[in-house]
Amino acid sequence: EDEDGQKKADPVEEARQKAMVLLAGLLFDQGDEVNDNPTARRGLGALTRGDTGTLRAGHDRSRIVLHVGQAIDSLTQNDENQASKELERALDLGLRNPTAYFILGLMQQGRDNDRSLRYLQEAQRHPDYDLACNLMIGQMSQQAGSLNEAATAYMQALSLADARVVDPDRAEELRQAYEPLID
């Protein structure tokens, strides 16, 4: 709990909540195509660009938006199976967005850990999801008996968490101190 008595969410839950807001925001913030803040991508262009570039030629943005909207509707009705199908259809149409990868990785965890792992590895490149992804990858690796991979993911998560609580000018130094432990 924090000093106000509010229960703090764990990093995975915090990332899930942020992802839900960002996913919905992609549909509603269509006018703000350019933003100086890389963690706050908005608009249809950003929906299809994500961190990996532009939408491939010939893909239909309106169909991607339709599937993302249907995924959000399914999530609000607690239908994760349908939400997964809709987000995967959007990916098939060219969606490249870390928020979609994170939500898919989260929904697939425990159902299809191989697919979950692939999605989480895409999402973990984004600073909004790196800590949560490493924690989930560590957990899945541990459950699968891959203890070296689990230890690496957990150490990476610890490095990220520590770097977030120190002075920003010391964060890089701290991350470098973890590198020999992670490798």
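Residues numbered from 1 in each chain as written. Predicted model: local features only at pLDDT ≥ 70, side-chain atom pairs only at ≥ 80, totals over all residues. Heavy atoms only, no water.

1. Concerning the overall build of the protein
Working step 1: Within the protein, the secondary structure is distributed over nine helices and zero strands.
Working step 2: Each helix (α) and strand (β) of the protein, taken in turn from the N terminus, gives the series α-α-α-α-α-α-α-α-α.
Working step 3: Residue burial in the protein is summarised as follows: out of 183 residues, 39% are buried.
Working step 4: Within the protein, counting contacts between residues at least 6 apart in sequence, those at least 24 apart form 50% of the total.
Working step 5: Just so you have it, the protein exposes about 10400 Å², and 46% of that area is on carbon and sulfur atoms. (Helix = DSSP H or I, 4+ residues; strand = E, 2+ residues; numbered from the N terminus. Buried < 20%, exposed > 50% of the residue type's maximum accessible area, 1.4 Å probe, protein only. Contact = heavy atoms within 4.5 Å. Areas by Shrake-Rupley, 256 points an atom, 1.4 Å probe, with all protein chains shown as cover.)

2. A look at helix α8 (residues 147-165)
Working step 1: Here α8 spans 27 Å end to end across 19 residues, near enough to the 27 Å set by a 1.5 Å rise per residue.
Working step 2: Every buried residue of α8 is listed here: A150, A153, A157, S159, L160 and A163.
Working step 3: Of the surrounding elements, those touching the buried residues of α8 are α7 (130-143) and α9 (168-182). (Expected span 1.5 Å × (residues − 1).)

3. Quick look at the nonpolar core
Working step 1: Counting residues in hydrophobic clusters, the biggest one holds 34 residues, and the most contacted among them are V68, L87 and F102.
Working step 2: Put simply, the parts of the chain that give this core at least two residues each are α1 (11-28), α3 (61-76), α4 (80-92), α5 (98-108), α6 (113-123) and α7.
Working step 3: With residues near it in sequence (within four places) discarded, F102 still touches V12, A15, R16, A19, L120, A123, Y129, A132, C133 and M136. (Core = buried A, V, L, I, M, F, W, Y, C linked by side-chain atoms within 4.5 Å.)

4. Considerations on the packing of α1 against α3
Working step 1: Two elements in contact, α1 and α3, have axes separated by 10 Å at closest approach and are oriented at 140°. With respect to their mutual orientation, α1 and α3 come out oblique. Crossing handedness for the pair α1 and α3: left-handed. Touching M20, L23, A24 and L27 of α1 are V65, V68, G69, I72 and L75, all from α3.
Working step 2: The residue inventory of the contact of α1 with α3, partitioned by class, reads eight nonpolar, one polar and no charged. (Axes fitted to C-alpha atoms, helices over the stretch in contact; angles between N-to-C directions. Parallel < 35°, antiparallel > 145°, perpendicular 65-115°, else oblique. Left-handed = near helix turned anticlockwise from the far one by under 90°. Nonpolar A, V, L, I, M, F, W, Y, C, P; charged D, E, K, R; others polar.)

5. Things to note about the environment of M136
Working step 1: Here M136 lies in helix α7.
Working step 2: Along the sequence, M136 and G105 sit 31 residues apart, while their C-alpha atoms lie 9.0 Å from each other.
Working step 3: Sequence-distant contacts of M136, defined by excluding residues within four places in its chain, comprise V12, F102, L106, Q109 and L120.

6. Describing α5
Working step 1: Of all 11 residues in α5, 10 are buried, a share of seventy percent or more.
Working step 2: Residues P98, T99, A100, Y101, F102, I103, L104, G105, M107 and Q108 constitute the buried set of α5.
Working step 3: Its side-chain oxygen at 2.8 Å from the backbone nitrogen of T99, N97 defines the N-terminal cap of α5.
Working step 4: At the exit of α5 stands G110, carrying a positive phi of roughly 90°. (Polar contact = N/O pair within 3.5 Å; in protein donor to acceptor, adjacent residues only side chain to side chain.)

Nothing here speaks to function; it is all geometry.
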